[in-house]
Each structure stands twice: as C-alpha cells, then as structure tokens.
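Here's the letter readout for the chains.
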Amino acid sequence: MDDVNDAADVDDAADVDDAADVTTLTRQLVSIPSHEDEAAAGDAIEDWLHEHTDGNVTRDSAGNVIARKGPSDESGKRVDDAPSLALVGHHDVVPPAPSQLDGEEYVVDVRDGRLYGRGSADMKGAVAASMLAFRDADPSCELVFASFVGEEIGGTGARTAIENGFAPDYAIVAEGSTNYSKPGVTDVVVAHKGRRASTIVARGSAAHASEPEAGENAIYRASDAIDVVRELEFPEVDVFGENLRGTVAVTGIDGGTAWNVIPDECEITVDERTVPGVRAELERVEQIEGVEWTVDQDLPPMNCDDEAFADTVLQAAIDAQDGEPELVTKPHATDAGWLAQAGVTCVICGASEPGEAHTKSESVGIDVLERCYRIYRNAAESV
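Description of the structure in this document. Note that this is a predicted model, so its numbers are computed, not measured.

**Focus: the overall build of the protein chain**
Then, in step 1: Within the protein chain one finds eight helices and 22 strands.
Then, in step 2: The principal-axis extents of the C-alpha atoms in the protein chain amount to approximately 95 × 45 × 40 Å.
Then, in step 3: A burial count over the protein chain gives 51% of its 383 residues as buried.
Then, in step 4: Total accessible area computed for the protein chain in this model is approximately 17,300 Å², and 44% of it derives from carbon and sulfur atoms.
Then, in step 5: Side chains of the protein chain give 28 positive and 77 negative charges; the mean places of these two sets differ by 3 Å.

The structure is reproduced here in structure tokens:
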C-alpha cells in the first residue's frame, strides 16, 4: 500500500513540475512582443532549446526555429529510417489591444487558473507545451519541433520552410482544438477549411445619368455577378465521417464616382471558405459581359490522409485527459494547410478554445496547456 501511495506522490509531484514548467515558459514567451518583429521571440525559443534539450537546433533565413532529435538503438546509434513527427506552431501574433500593452511590453497576467496576454491562446502556450514535450519525450520516431514566423499573414514562414525542404512524414499542428466537441476536452482536428479571397471587377462605359441608355452601367453588371455568387452551391466533403462544408459570401462592393454619372467600373470582394478537393465555381461570373474574376489569396484547406495516424493522436489525447476527445473539423485556415499541400500527413491539436484567439481578453487554461504537453509527449512516444 505504501508503494502505491509513494507512486501517487511521485505522479502528483510530476504534475506540479509540469504545471510550473509550462506556466513559466508560456509566461516568458507571451511577454515578448512579436506582432511586428518575431526575432526576439525566435531568439528566446532557440536559446531555450539549446539550453534545455539535446536536439539539433537551427534557425533559417525567415526566422523559423526548427529542432530535431531521433530514436537510437541499443548501441546508441540513431535509427535513420524511423518516421518523422513534427510538433508545429508559430510565434508571431496579431497586434495587441491597448489593454494588452504596457508601453512597448506585453501585459501577462495569471489568475483563476488561466494565463492572459496577447498570443497566450494563439499560440505561444501551445508552443511552450510543444517545447517541453520535445525536451522530455523518448521518441519512437524522429521528433521535430518547429515554430514558424508569419502564420498570421498567410503562412510565409511555413512556405519558406517547405521550400527549404521541411517535409516530416507526420505533423501535429498545435492550433486550437479545445472544447470543440464538448466543454472540457482537447479534440483532434482531421480537416479544416481554407480561404480563397477574390475580386470581381465589372466594367461598363460612363454616361450622364440623365441618359443611362448611352452607357453601360457597371453596377448592374456587378449585380448580375452577385446573383451568380448567391446561387452557387457550397462545397462539402467528409473526412473520416466528419463533415466539412465551405461557404461563399460577397463581403464588399465599391462602384460609382458621382450621383449623376453612370459608373464605368464596380468592384466586388468575395470571401470563400474552401474544403479539400472542391471549389465553388466562381469562374462562372466571367460569362457575364465585362466581368473579370481574380484570386488575391488562396490559403489551402487541410485534411488528414491517414486514419491510422489520426487514431494514434486521438489515443494519445484520450490517455492525456479525463474527458472523451473526438475527431473533429475546424473552420479556420492554419499552417497545416500548407504542410498538407506539400504532402505532410497532418492533424491539429492545441490549447486554444473558440472565442479566445485575437481578442482583447485572450487567455488559455493552464490545465489545458499541461494536457497538451501530455498529448504531444504521448504521441511522440507512439508514432
């Protein structure tokens, strides 16, 4: 009986240490401004990895921080043909609200079991949990830690890393997946939407408004194009039994120069949330005379292409918490889209909850960060 109690005491002590580590490291990372320049945050991550891990740590030209370590055989020789698993995050953040700044420094506050500050949920807390899991795991695979720059501006860091050969077999992208299926659990995302932003320009010919028939009204042509967009079917797909449905919406219109002039140009903006393998047929608007359609941004969607890997991470999540996590989908684009497009098998699992990212009261649960640490470590020792 004493042995059982002693073991429980050891487990409790380990939990306390994990909580202290993840809180301290998250607080350190969140305190570093990184909405305009990610260099200082990247320096802190790089220095910590050099000091606290035995990984091979590198920093690329974009500022991405990448570390690697791998399994070894009984003689201590590295197993070169082991699969690779990456724990992926980003250390850039969106601009803080005034209340999240104290001069040029970020305000960090810990109260009621939560850590508050810009980037706490999206996503320096999960980066900290990934760093600790990278440090502590005895991996069955090559374990990679990667924290990218530029995620908030379209994945510039991820794209640079991919161009430079970043190509793990598997990746857990540590974006938010907590409280998706139900409160109190951290789920595993197997698909998310992408985002295609586009512009429709309708052109006509100007005339005096007292003689509208003398011109071609670009706003009328734009209205015809809007009718086409409104009639488009939203694409949808199923991934491992989970449904993901896209959307298309006109989000802006700008045309006309004066109340007495028939407009010769009208511009429409369109937001499309894409799903893997299917796109809305926006090109149909070009069947209207004088209408052109151009794509301004195309952030790719993601779907996991290996159900066994998704189940492995789900089991790691089940073992790390008391709740019952599920495979779910996510509405937001992430760096997982770029990785999946490059051939990396991805899932998403992280601490951020719906409604926390990018808000003036952004926060993350410390218990959830501990949970994510356990999930990442479990997965690294199971793949």
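**Some remarks on the sheet that holds strand β7 (residues 114-116)**
Then, in step 1: Taken together, the three strands give an open sheet; going across it, the order is β6-β7-β22, and neighbouring strands pair in antiparallel fashion. Only two strands of the sheet have a single partner each, and these edge strands are β6 (109-111) and β22 (363-365). Strand after strand, the sheet turns through a mean of 20 degrees between neighbouring axes, direction not considered.
Then, in step 2: With three bridges joining them, β7 and β22 adopt antiparallel strand pairing.

**As for the packing of helix α3 (residues 120-136) against helix α8 (residues 366-380)**
Then, in step 1: Contact geometry of α3 with α8 gives a least axis separation of 8 Å together with a crossing angle of 40 degrees. On the basis of their axis angle, the class for α3 and α8 is oblique. Crossing geometry of α3 relative to α8 is assigned as right-handed. Side by side, α3 and α8 meet where G125, A126, A129, S130, L132, A133 and D136 of the first sit next to L369, C372, Y373, Y376 and R377 of the second.
Then, in step 2: Broken down by class, the residue content of the contact of α3 with α8 amounts to eight nonpolar, two polar and two charged.

**Considering the packing of aromatic side chains**
Then, in step 1: Overall, the coordinates contain two aromatic pairs when judged by the stated rule.
Then, in step 2: Taking the centre distance of 5.5 Å and the plane angle of 85 degrees together, the rings of F148 and F166 count as edge-to-face. Here F166 lies in the loop between α4 (156-163) and β9 (170-173) and F148 lies in strand β8 (residues 142-148), a separation of 18 residues in the sequence.
Then, in step 3: Of the residues examined, F148 reaches a relative accessible area of 0% and is grouped as buried.
Then, in step 4: On the accessibility criterion, F166 (4% relative accessible area) is buried.
Then, in step 5: Ring centres 4.7 Å apart and planes at 25 degrees place the aromatic pair Y170 and F309 in the stacked group. Residue Y170 is located in strand β9, and its partner F309 is located in helix α6 (residues 307-319); the two are separated by 139 residues in the primary sequence.

**Some words on the layout of surface pockets**
Then, in step 1: By volume, the largest pocket amounts to about 560 Å³.
Then, in step 2: The wall of the largest pocket is formed by 27 residues, among which E151, E152, H332, A333 and H358 lie closest to the centre.
Then, in step 3: Contributing elements (two or more residues each) for the lining of the largest pocket: β18 (291-299) and α7 (335-341).
Then, in step 4: Broken down by class, the residue content of the lining of the largest pocket amounts to seven nonpolar, ten polar and ten charged.

**Side note on the sheet that holds strand β11 (residues 194-203)**
What links the strands of a sheet is backbone hydrogen bonding, and the strands pair in either a parallel or an antiparallel sense.
Then, in step 1: One open sheet holds the four strands; their spatial order is β15-β17-β11-β18, and the pairing between them is antiparallel. Edge positions in the open sheet fall to β15 (247-255) and β18, since each of these has one partner strand only. Each neighbouring strand pair of the sheet contributes to a mean axis angle of 20 degrees, computed without reference to strand direction.
Then, in step 2: Across eight bridges, the pairing between β11 and β18 is antiparallel. Among the inter-strand pairings, A202 is bridged to a residue of β18, identified as V291.

**Notes on unusual backbone geometry**
What is expected of a backbone is that most residues other than glycine have negative phi and most peptide bonds are trans.
Then, in step 1: The omega torsion of the bond from D122 to M123 falls at -5 degrees, within 30 degrees of zero and hence cis.
Then, in step 2: Within the secondary structure, M123 is located in helix α3.
Then, in step 3: In this model, D112 sits at a positive phi of 55 degrees, which is unusual for a non-glycine residue.
Then, in step 4: Although it is not a glycine, H358 adopts a positive phi angle of roughly 70 degrees.
Then, in step 5: With respect to the secondary-structure elements, H358 resides in the loop between β21 (345-348) and β22.

**Some words on the packing of helix α2 (residues 39-52) against α3**
Then, in step 1: Between α2 and α3, whose axes approach to 10 Å, the crossing angle comes to 20 degrees. In terms of axis orientation, α2 runs roughly parallel to α3. Crossing angle aside, the handedness with which α2 passes α3 is right-handed. When α2 is examined against α3, the residues I45, W48, L49 and H52 are found in contact with a partner set consisting of V127, M131, L132, F134 and R135.
Then, in step 2: Among the residues forming the contact of α2 with α3, the class breakdown is seven nonpolar, one polar and one charged.

About the thresholds
- Residues numbered from 1 in each chain as written.
- Predicted model: local features only at pLDDT ≥ 70, side-chain atom pairs only at ≥ 80, totals over all residues.
- Heavy atoms only, no water.
- Helix = DSSP H or I, 4+ residues; strand = E, 2+ residues; numbered from the N terminus.
- Buried < 20%, exposed > 50% of the residue type's maximum accessible area, 1.4 Å probe, protein only.
- Areas by Shrake-Rupley, 256 points an atom, 1.4 Å probe, with all protein chains shown as cover.
- Lys, Arg positive; Asp, Glu negative; His and termini not counted.
- Charge placed at Lys NZ, Arg CZ, Asp CG, Glu CD.
- Pairing = 2+ DSSP bridges.
- Axes fitted to C-alpha atoms, helices over the stretch in contact; angles between N-to-C directions.
- Parallel < 35°, antiparallel > 145°, perpendicular 65-115°, else oblique.
- Left-handed = near helix turned anticlockwise from the far one by under 90°.
- Contact = heavy atoms within 4.5 Å.
- Nonpolar A, V, L, I, M, F, W, Y, C, P; charged D, E, K, R; others polar.
- Phe/Tyr/Trp six-rings, centres within 6.5 Å; stacked < 30°, edge-to-face > 60°.
- 1 Å grid on protein atoms, 1.4 Å probe; cavity = no way out; pocket = protein on both sides within 12 Å on 5 of 7 lines; lining within 4 Å.
- Points joined across faces, edges and corners; volume = space filled by probe spheres on them.

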